[in-house]
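Each chain is listed here by its residues.
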Amino acid sequence: TRIVTVGAAQLGPIQRAHSRKEVVARLLSLLEQGARHGCDLVVFPELALTTFFPRWFFESQAEIDTFYEAQMPGPETQVLFDTARKLKVGFYLGYAELTQEDGRTRRFNTSILVDQTGVIVGKYRKVHLPGHAEHEPWRQFQHLEKRYFETGNLGFPVFRAFGGIIGMAVCNDRRWPETYRVMGLQGVEMILIGYNTPVHNPPAPEHDNLSHFHNELVMQSGAYQNGTWVIGVGKGGREEGVDQIGNSIIVAPSGEIVGACSTLGDELAIARCDLDLTLSYKNSVFNFAKHREPHAYGMIVER
Ligand code: CDT
C-alpha cells in the first residue's frame, strides 16, 4: 500500500470585502486541522485567495489586477509555505497568476502543488476557460474567464510527489474527458481539482437542479476510466449573492465517492487514499497499452 492522507479543504464564501489576510487565516486553519488529522496533502479550491471575481465586468485594469498574485509565494501567502514546512503538510492552491512572460504581462487561472517541505513542485494553468469575453448584461452575473485569463500554456503535466504521480486541473477542466485521459496516459494516480461552480448557469438554467449530479458524474467517471484518485474541492454557499455548489468529494479509482463535505462552509473531508488501488484498473480493464485503439481516435485532435 502507498497511503496518501488527503484533506479536501472546502471553503465557504469569500466576499469581495474580505482581505487576503483574512482568507489566508482560513486556509491556515484548514491546513492545521489537516495536520492534526494526519493529512499529507490538503487541497484548496480554484481562486482560493479571493472572491470569484469573473462574475463582474470591470472597466479598470488596475481594479482587475487587485485579484491577481504577482508573486507566489508573496508577502501574504508566504505563511502558507512556512506552515506547510513546519507541519509537514503539502497543499494544492488555486489563484489568479499575473506574470511577465515572452516580454508581456500575462494572466492565468493557475494552481500549484506544494510538497511537505514547503516547496512548489508543480504548476498548472487552466486550459478550459468557460464563460465569455464580452460584457453580457442580460446575465444575472457574469462569467468573464475568457476576458480575464489566457488559455493555459503548460498542457496537463504530472508530477512525482507524495510517493506517486500527481496531476492537477482547474474547475471547468473536470467536465472534459481529455483532461483526465492526457494525465491518464502519463500514469497519473491522483488528480487534484479546485473549482468555483455556481448553482445557476445563466445560458442553461434547465441544468441548475443537476449541478451536483454533473459535478459527481464527471469526476467519478474521470477517476474510473483512468484508474486514478480524483480530489474535487469547491467553494460553497452564497458568495456576493451567487450560490456555489460546494459538494467537495474524494473519489477512488473505482469511481466510488469515499469522502465528502456535507456543509456549504469551510470544511475538511479526509480520506486515506491508497495509490496502489489504481493498479487493478490500470492493469485490467483500463490497461491502455493493451486495449486502447488510438488509430480510431484521430478526430479528437484533428478538430
Ligand atoms: N470556474 C469554473 O470554471 N466554473 C464553471 C462554471 C461554468 S457553468 C457550467 C464550471 O464548469 O463549474
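Read on for a plain summary of the structure. (Residues numbered from 1 in each chain as written. Predicted model: local features only at pLDDT ≥ 70, side-chain atom pairs only at ≥ 80, totals over all residues. Heavy atoms only, no water.)

Some thoughts on helix 6 (residues 211–226)
Quick note on the threshold: Helix and strand assignments come from DSSP, with helices taken as H or I runs of at least 4 residues and strands as E runs of at least 2, each series counted from the N terminus. A helix's residues, less one, multiplied by 1.5 Å, set its expected span. Here's how the labels work: a residue is buried when its accessible area is under 20% of the maximum for its type, exposed when over 50%, partly exposed in between, all with a 1.4 Å probe on protein chains only. What the arc describes is the spread of directions from the helix axis to the C-beta atoms.
The end-to-end C-alpha distance of helix 6 is 23 Å, a good match for the 22 Å that 16 residues give at a rise of 1.5 Å each. Burial in helix 6 covers these residues: Ser-211, Asn-215, Val-218, Met-219, Gly-222, Ala-223 and Asn-226. Projected down its long axis, helix 6 carries its buried residues within an arc of 125°, all on one side. Positive backbone phi, at 55°, marks Gly-227, one or two positions downstream of helix 6.

Comments concerning the packing of helix 1 (residues 20–36) against helix 3 (residues 78–87)
The line we're drawing: Angles shown run from 0 to 180 degrees and are taken between the N-to-C directions of axes, each axis being a line fitted to C-alpha atoms and, for helices, limited to the stretch in contact. Angles are sorted into four bins: roughly parallel if under 35 degrees, roughly antiparallel if over 145, roughly perpendicular if 65 to 115, and oblique for all others. Note on contacts: a residue pair qualifies if any of its non-hydrogen atoms lie within 4.5 Å across the two residues. Each residue gets one of three labels, nonpolar for Ala, Val, Leu, Ile, Met, Phe, Trp, Tyr, Cys and Pro, charged for Asp, Glu, Lys and Arg, and polar for the others, Gly among them.
Two numbers describe how helix 1 lies on helix 3: the axes approach to 10 Å, and their chain directions differ by 10°. Between helix 1 and helix 3, the angle is such that the two are roughly parallel. Contact with helix 1, carried on its side by Val-24, Leu-27, Leu-28, Leu-31, Glu-32 and Ala-35, involves Val-79, Leu-80, Thr-83, Ala-84 and Leu-87 of helix 3 and no other residues of that element. Looking at the contact of helix 1 with helix 3 residue by residue, the classes come out as nine nonpolar, one polar and one charged.

Observations regarding the site of the ligand
Put simply, the test is: The near set for a molecule or strand comprises every residue that places at least one heavy atom within 4 Å of it. Side-chain atoms alone can form a polar contact between residues adjacent in sequence; in general such a contact is a pair of N or O atoms within 3.5 Å, and within protein one must be able to donate a hydrogen while the other accepts it. Here the Shrake-Rupley method, with its probe set to 1.4 Å, supplies the accessible areas, and only the displayed protein chains count as covering residues.
Taken together, 13 residues lie near the ligand, and Lys-126, Cys-171, Asn-172, Arg-175 and Thr-197 sit nearest. In the environment of the ligand, an oxygen atom lies 2.8 Å from a nitrogen or oxygen atom belonging to the side chain of Lys-126. Measuring from an oxygen atom of the ligand, one finds a side-chain N or O atom of Arg-175 at 2.7 Å. Bound to the protein, the ligand loses 87% of the 350 Å² it would expose on its own.

Notes on the environment of Glu-239
Mapped onto the elements of the fold, Glu-239 is located in strand 10 (residues 236–239). What makes Glu-239 buried here is its relative accessible area of 0%. A C-alpha to C-alpha distance of 24 Å links Glu-239 and Met-219, two positions 20 residues apart in sequence. Here Glu-239 is in contact with Pro-13, Ile-14, Gln-15, Thr-51, Phe-52, Arg-55, Asn-196 and Gln-244, once residues within four sequence places are set aside. At 2.7 Å, the side chain of Glu-239 and the backbone nitrogen of Phe-52 are in polar contact. Separated by 3.2 Å, the side chains of Glu-239 and Lys-235 make a polar contact.

Some details on the packing of helix 5 (residues 177–184) against helix 6
Under the convention used in this document: Crossing chirality is assigned from the near helix's rotation relative to the far helix, an anticlockwise turn below a right angle marking it left-handed and a clockwise turn marking it right-handed.
Remark: helix 5 packs on helix 6, axes separated minimally by 10 Å, with the N-to-C direction vectors making an angle of 25°. With respect to helix 6, the axis of helix 5 lies roughly parallel. For the element pair helix 5 and helix 6, the recorded crossing hand is right-handed. Judged by residue contacts, Tyr-180, Arg-181 and Gly-184 of helix 5 engage Val-218, Met-219, Gly-222, Gln-225 and Asn-226 from helix 6.

Examining the pairing of strand 14 (residues 267–274)
The line we're drawing: Paired strands, in this sense, are two strands between which DSSP finds at least two bridges.
The element strand 14 is extensively covered by neighbouring structure, given that six of its eight residues are classed as buried. Where strand 1 (residues 3–10) lies against strand 14, eight bridges are found, and the strand directions are antiparallel. In the strand pairing of strand 14, Gln-10 is matched with Glu-267.

Some thoughts on the packing of aromatic side chains
The test is simple: Any two rings among Phe, Tyr and Trp, with Trp reduced to its six-membered ring, count as a pair given centres within 6.5 Å; such a pair is stacked if its planes are under 30 degrees apart, edge-to-face if over 60, and tilted if neither.
Considering all chains together, one arrives at 13 aromatic pairs under this definition. The interplanar angle of 35° and the centroid separation of 5.9 Å between the aromatic rings of Phe-53 and Tyr-148 together place this pair among those described as tilted. Residue Phe-53 is found in the loop between strand 2 (41–43) and helix 2 (61–65), and its partner Tyr-148 is found in helix 4 (residues 145–148); the two are separated by 95 residues along the sequence. Both residues of the pair, Phe-53 and Tyr-148, count as buried.

Notes on the pattern of salt bridges
To keep it simple, the criterion reads: By convention in these notes, a salt bridge is any Lys or Arg side-chain nitrogen within 4 Å of a carboxyl oxygen on Asp or Glu.
Across all of its chains, the model carries 21 salt bridges by this definition. Linking Lys-123 and Glu-97 is a salt bridge whose minimum nitrogen-to-oxygen distance equals 2.6 Å. A residue pair is termed long-range when its members are at least 10 positions apart, and Lys-123 in strand 5 (residues 120–125) and Glu-97 in strand 3 (residues 90–101) qualify at 26 residues. In this structure Lys-123 comes out as partly exposed when scored by relative accessible area, which is 30%.

What to know about unusual backbone geometry
For the bond from Met-72 to Pro-73, the omega torsion is -5°, close enough to zero to count as cis. Looking at the element boundaries, Pro-73 is found in the loop between helix 2 and helix 3. Phi at Phe-162 takes a positive value of approximately 55°, unusual for a residue other than glycine. Relative to the elements of secondary structure, Phe-162 occurs in the loop between strand 6 (158–161) and strand 7 (164–170). In this structure, Glu-240 takes a positive phi of about 45° despite not being glycine. Relative to the elements of secondary structure, Glu-240 occurs in the loop between strand 10 and strand 11 (242–245).

Topic: the nonpolar core
Where we set the bar: Definition used in this section: a nonpolar core is a set of buried Ala, Val, Leu, Ile, Met, Phe, Trp, Tyr and Cys residues joined via side-chain atoms within 4.5 Å.
Within the largest apolar cluster, 42 residues are counted, with the highest numbers of intra-cluster contacts made by Met-190, Leu-192, Met-219 and Ile-231. For this core, the leading source of residues is strand 8 (residues 190–195), giving five residues. Aside from chain neighbours lying at most four places away, what touches Met-190 is Val-4, Val-6, Leu-41, Ile-165, Ile-166, Gly-167, Thr-228, Trp-229, Ile-231, Cys-273 and Leu-275. Counting 25 residues, the second-largest nonpolar core is a separate cluster that includes Ala-9, Val-89, Leu-93 and Val-114.

Any link to function would need more than the numbers given here.
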